[in-house]
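# A look at the structure
As a plain string of letters, each chain reads:
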Amino acid sequence: MKKVLVAGAALMLAGGIALPAMASEPGVSIFGDSRARIIYTDAYDYNGYANEGRPDLSSRFNMDSRLRFNVKGTAAGGAFVHARIRAIDNQFNGDTRFSDANNLWADVAYLSIPFTDDFTFQAGKYRAFYGTGFFFDDIGVSGLRGIYTSDTFQFMPFLDMVAEGQQSINPTDRVEDNDVLRFGGVVAIQPNPDWEFGFMAAYQTDDRAALAVEDVGVLPAPDRDGFIGMVYTKGTSGNMALQGEFAYVETAGMMDATADDAFGGYIRPSFTMDALTLSFDLGFTQDGYVADAAYGFVMIGGEWATQAMRFGQEGDWIWGAFSSKYQISEDLFVVGNLVYADIDSTTARGLSDAWEVSGLLQYNISPGANLQYRIGYLNPSYDNWNDDSVFGTVARFNISF
């Protein structure tokens, strides 16, 4: 296999490197979360898919739920194993003929061994959170990582097995063990309790071979070797706060990029006075960079149930977004969003701009239980496509334990 070199390391801000807390007492603990949603969406196909023979996505109403149980077993010396088990993560359907017999699986399963008070080794399948969520948020990866932590500094080198050659559909990859590997590092520095700074850097190698396909011919070998990286910051000063991130992807096909040398970024200043918080996002994507699905609002990015598109989709984007949050009471707050994006389309549909008006209400019913309600309106403009407005809304009940 091709040799791989690490291309750098990274700083992280608060919450950037999210790791389970080390348990000090031996034994087994169970914790988790669940949700139930009621979802209505309208015109998510922009009234165009039907013309291409695709399913009609207009006026859909459905309900779904999900349960997740975390099981952690801790040894006397502080080493532990952690698994997260998901159950019934699908739409409500009382007809058992269509039940999914495989709807019970684990998306986290790893071991963690503290070699010293400052250094921990982890191996298995875990979730990775880097930066502020613009580039790499809650990504499931399998591999190895080390975690060195001091009072103001954290360093995490990692090796991710992106694709194992012996499980490829290509016989050549299986025989030659042509893997896709990613080496990198993350560093977090917190000079004081209010600020953190960060960058992440890694290099990916893709050794996969060309694939012969019947009636198609020989498909060329994927070319996803290259560098990925990002820098970010987050902090507060009095009533002011600031966070931002810049990301770069060298090769098409890596981290959702569609072209070589793709990049993007955003900055978000905010101001809080009493119960009101005002914030403004200014961002861009260039040459095929697509922001992580978690970054965004209600219709563009953000919540999966109502997400209609992502920042960077179908072209180069420049956007501005104004948000206001008002804490009505200790248990109730509302958020309003106004988003505009100017888009230089790279597809035949010709997406030229988009407006979003949306809102969120959250009510904390009791400790560990809350209700979220999201509603959004999206008005995209296409040069060569139907540009009817899009509407989505979801009510979501959440419990954590």
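Parameters and conventions
Residues numbered from 1 in each chain as written. Predicted model: local features only at pLDDT ≥ 70, side-chain atom pairs only at ≥ 80, totals over all residues. Heavy atoms only, no water. Helix = DSSP H or I, 4+ residues; strand = E, 2+ residues; numbered from the N terminus. Contact = heavy atoms within 4.5 Å. Areas by Shrake-Rupley, 256 points an atom, 1.4 Å probe, with all protein chains shown as cover. Phe/Tyr/Trp six-rings, centres within 6.5 Å; stacked < 30°, edge-to-face > 60°. Buried < 20%, exposed > 50% of the residue type's maximum accessible area, 1.4 Å probe, protein only. Lys NZ or Arg CZ within 6 Å of the ring centre and 35° of its normal. Polar contact = N/O pair within 3.5 Å; in protein donor to acceptor, adjacent residues only side chain to side chain. Salt bridge = Lys/Arg side-chain N within 4 Å of Asp/Glu carboxyl O. Patch = residues over 30% accessible without salt bridge, like charges linked within 9 Å, V, L, I, M, F, W, Y side chains within 5 Å. Lys, Arg positive; Asp, Glu negative; His and termini not counted. Charge placed at Lys NZ, Arg CZ, Asp CG, Glu CD. Pairing = 2+ DSSP bridges. pLDDT = per-residue confidence, 0-100.

### Brief notes about the overall build of the protein
Secondary structure summary: the protein contains 1 helix and 20 strands in total. Put simply, of all contacts in the protein between residues at least 6 apart along the chain, 57% involve residues at least 24 apart. When the accessible area of the protein is evaluated, it comes to approximately 19800 Å², of which 58% is carbon and sulfur surface.

### What about the packing of aromatic side chains?
Applying the stated criterion across every chain, the model contains 26 aromatic pairs. A ring pair is formed by tyrosine 295 and phenylalanine 311, whose centres lie 5.3 Å apart and whose planes are at 55°; its orientation type is tilted. Of this pair, tyrosine 295 sits in the loop between strand 15 (276-286) and strand 16 (315-329) while phenylalanine 311 is found in the loop between strand 15 and strand 16, placing the two residues 16 residues apart along the sequence. Accessibility expressed as a relative area gives 0% for phenylalanine 311, which makes it buried. Here phenylalanine 311 and tryptophan 317 contribute two aromatic rings whose centre-to-centre distance is 5.5 Å and whose plane-to-plane angle is 70°, an arrangement assigned as edge-to-face. Each member of the aromatic cluster is reached from another via a ring pair, and the members are Tyr130, Phe134, Phe135, Phe136, Phe158, Tyr266, Tyr289, Tyr295, Phe297, Phe311, Trp317 and Trp319. The lysine or arginine in question, lysine 325, covers the ring of phenylalanine 333, its NZ or CZ lying 4.4 Å from the ring centre. Over the aromatic face of tryptophan 385 sits the side chain of arginine 349, whose NZ or CZ is 4.8 Å from the ring centroid.

### Brief notes about the environment of serine 112
Inspection of the secondary structure puts serine 112 in strand 4 (residues 104-114). Serine 112 gets classed as buried once you look at its relative accessible area, which sits at 1%. Along the chain, serine 112 and phenylalanine 80 lie 32 residues apart, while their C-alpha atoms are 5.3 Å from each other. Of note is the side chain of serine 112, whose polar atom sits 3.2 Å from the side chain of glutamine 122.

### What to know about the pattern of salt bridges
Counted according to the given criterion, the structure contains 12 salt bridges. With a shortest N-O distance of 3.0 Å, aspartate 107 and arginine 86 are connected by a salt bridge. Note that aspartate 107 is positioned in strand 4 and arginine 86 in strand 3 (residues 80-91), a separation of 21 residues in sequence. Like aspartate 107, the residue arginine 86 is buried in the burial classification. The residue arginine 127 makes a salt bridge to aspartate 138 at a minimum N-O spacing of 2.9 Å. Here arginine 127, found in strand 5 (residues 119-130), pairs with aspartate 138, found in strand 6 (residues 136-149); they are 11 residues apart in sequence, far enough to count as distant. Members of the salt-bridge network, linked through shared partners, are Arg84, Arg86, Asp89 and Asp107.

### A short note on a negative patch on the surface
Judged by side-chain charge, Asp223, Asp260, Asp261 and Asp287 come together as a negatively charged surface patch. Along the chain, the position of aspartate 260 falls in the loop between strand 13 (240-249) and strand 14 (262-273).

### Some remarks on the environment of glutamine 204
Looking at the element boundaries, glutamine 204 is found in strand 9 (residues 195-206). Assessed through its relative accessible area of 4%, glutamine 204 is described here as buried. Considering only alpha carbons, one finds glutamine 204 and aspartate 160, 44 residues apart in sequence, at a separation of 9.1 Å. Polar contacts involving the side chain of glutamine 204 include one to the main-chain carbonyl oxygen of arginine 224, which spans 3.3 Å.

### Quick notes on the pairing of strand 8 (residues 180-192)
Across 10 bridges, the pairing between strand 7 (residues 153-163) and strand 8 is antiparallel. Bridged to glutamine 154 within strand 8 is alanine 188. As judged from the 11 bridges shared by strand 8 and strand 9, these two strands associate in the antiparallel manner. Its bridge partner being in strand 9, alanine 188 is matched across the sheet by glycine 198.

### Some words on a nonpolar patch on the surface
Nonpolar side chains collect at one region of the surface, where Val28, Ile30, Phe31, Leu67, Phe69, Ile85, Leu104, Ile399 and Phe401 lie side by side and expose about 840 Å² of accessible area between them. It is strand 1 (residues 27-42) that contributes the most residues to the nonpolar patch, 3 residues altogether. Relative to the helices and strands, phenylalanine 31 is located in strand 1. For phenylalanine 31, a relative accessible area of 32% gives the class partly exposed.

### Things to note about unusual backbone geometry
It is generally the case that most residues other than glycine have a negative phi and that most peptide bonds are trans. The backbone of isoleucine 88 sits at a positive phi, close to 50°, despite the residue not being glycine. By relative accessible area, which is 47% here, isoleucine 88 ends up partly exposed. Even without being glycine, aspartate 177 reaches a positive phi, approximately 55°. Residue position: aspartate 177 is located in the loop between helix 1 (171-176) and strand 8.

### So, the pairing of strand 4
The sheet contact formed by strand 3 and strand 4 spans 8 bridges and is antiparallel. Within strand 4, the residue paired with alanine 83 across the bridge is alanine 109. By the bridge criterion, 6 bridges tie strand 4 to strand 5 in an arrangement that is antiparallel. Bridge pairing in strand 5 places tyrosine 110 opposite glycine 124.

### Remarks on the confidence of the model for the protein
In this model, the protein carries an average pLDDT of 88, and 88% of its residues clear a pLDDT of 70 or more. Under a pLDDT of 50 for its full length, residues 1-23 has, in the predicted model, 94 contacts with residues more than four places off or in other chains.

### A word on the side chain of aspartate 33
Along the chain, aspartate 33 turns up in strand 1. Of the residues examined, aspartate 33 reaches a relative accessible area of 19% and is grouped as buried. Aside from chain neighbours lying at most four places away, what touches aspartate 33 is Arg66, Leu67, Arg68, Ile399, Ser400 and Phe401.

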